[in-house]
Amino acid sequence: MKIPYKFSYSLFEPIKKHRSFVSFMIVLIGVCIFCAVLAGVKFSNSSLLISFSNVSIVKFLRGSSGFGGMLFTNILTISVFAIIIIASCCKKYTISIGIFFYAYYVYAQTLTLIAFMLEYGIINTLVIAFCMLICLLLMMFLLLELFLICIDCQNNNFYFKYAFSSCIPILIFIAILLVSQSIVFFVLRNYIIVLVY
């Protein structure tokens, strides 16, 4: 059966349709951010808090990774989370797996941001941290939209075909965001003094 691709999409219609789920996810996001901030502040002097050698943006800013490496790593990471979210929404009893990984993503990215600011200084990383925060918030919103789309596709017999075709607009938005994020950090590293060693 041929599934028509859907390129038109309303960002706010699914939110209105699934208000209870969105409310739950907002509370979950708040809890994850609070725990990440608490962990970042509490263990700010611990060398075991986070390893920046695995953070693609920090590697790029240090000069140990190129533009292509940063972009590829970010796309690969988000692709894994997006596939997990889409696959977990095929049944009602498996959606908790996607929620767990979404919560982990929010927690890990927030902790990385906090640790980055504490490691290199808030003043030194103010512009970079602000850009990282904006990108994180946008990515959290787009991944939440993936959940809402996939929930609408749960009752279809050809779930994965309908889900992937319906998710195309959001996946395009995610790709645009990742490319834009990489370009912004490329500009910051090359045309603005960045104190990251």
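We now turn to the structure provided with this report. (Residues numbered from 1 in each chain as written. Predicted model: local features only at pLDDT ≥ 70, side-chain atom pairs only at ≥ 80, totals over all residues. Heavy atoms only, no water.)

Examining the environment of Thr94
Next up, step 1: Examined against the element boundaries, Thr94 turns out to sit in the loop between helix H4 (67–88) and helix H5 (95–120).
Next up, step 2: Given the relative accessible area of 16%, Thr94 is considered buried.
Next up, step 3: Within the local environment of Thr94, its side chain forms a polar contact with the backbone oxygen of Lys91, the two atoms lying 3.0 Å apart. (Helix = DSSP H or I, 4+ residues; strand = E, 2+ residues; numbered from the N terminus. Buried < 20%, exposed > 50% of the residue type's maximum accessible area, 1.4 Å probe, protein only. Polar contact = N/O pair within 3.5 Å; in protein donor to acceptor, adjacent residues only side chain to side chain.)

Quick look at the packing of aromatic side chains
For any pair of aromatic rings, geometry is given as the distance between the ring centres together with the angle between the planes.
Next up, step 1: By the definition in use, this model includes seven aromatic pairs.
Next up, step 2: Pairing Phe100 with Phe101 gives two aromatic rings, centres 5.6 Å apart and planes at 85°, and the pair type is edge-to-face.
Next up, step 3: Taken together, the ring pairs connect Phe21, Tyr102 and Phe147 into an aromatic cluster. (Phe/Tyr/Trp six-rings, centres within 6.5 Å; stacked < 30°, edge-to-face > 60°.)

Observations regarding the side chain of His18
Next up, step 1: Position of His18 relative to the elements: it lies in the loop between helix H1 (13–17) and helix H2 (19–42).
Next up, step 2: Since its relative accessible area comes to 15%, His18 is described here as buried.
Next up, step 3: Side-chain polar atoms of His18 contact the side chain of Asp152, separated by 2.7 Å.
Next up, step 4: Those residues in contact with His18 that lie beyond four places of it in its chain are Leu148, Ile151 and Asp152. (Contact = heavy atoms within 4.5 Å.)

So, the packing of H2 against helix H6 (residues 126–152)
Next up, step 1: At a minimum axis distance of 12 Å, the contact between H2 and H6 shows a crossing angle of 145°. Crossing of H2 over H6 shows right-handed handedness. Residues Phe21, Val22, Met25, Ile29 and Ile33 of H2 form the contact with H6, whose participating residues are Met140, Leu144, Phe147, Leu148 and Ile151.
Next up, step 2: In the contact of H2 with H6, the residues fall into 10 nonpolar, no polar and no charged. (Axes fitted to C-alpha atoms, helices over the stretch in contact; angles between N-to-C directions. Left-handed = near helix turned anticlockwise from the far one by under 90°. Nonpolar A, V, L, I, M, F, W, Y, C, P; charged D, E, K, R; others polar.)

A few points about the state of the cysteines
Next up, step 1: Following the criterion strictly, the structure yields zero disulfides and no others.
Next up, step 2: Cys32 provides the cysteine sulfur closest to Cys35, a residue in no disulfide bond, and the two sulfurs are 6.7 Å apart.
Next up, step 3: Unpaired in terms of disulfides, Cys135 finds its nearest cysteine sulfur in Cys131, a separation of 6.6 Å.
Next up, step 4: According to the relative accessible area criterion, Cys135 is buried, its value standing at 13%. (Disulfide = S-S within 2.5 Å.)

Side note on H5
Next up, step 1: For H5, which comprises 26 residues, the first-to-last C-alpha distance of 38 Å matches the rise-based estimate of 38 Å (1.5 Å per residue) to within 8%.
Next up, step 2: Immediately beyond the C-terminal end of H5, within one or two residues, lies Gly121, with a positive phi of roughly 95°. (Expected span 1.5 Å × (residues − 1).)

Shape descriptors only; they carry no functional weight alone.
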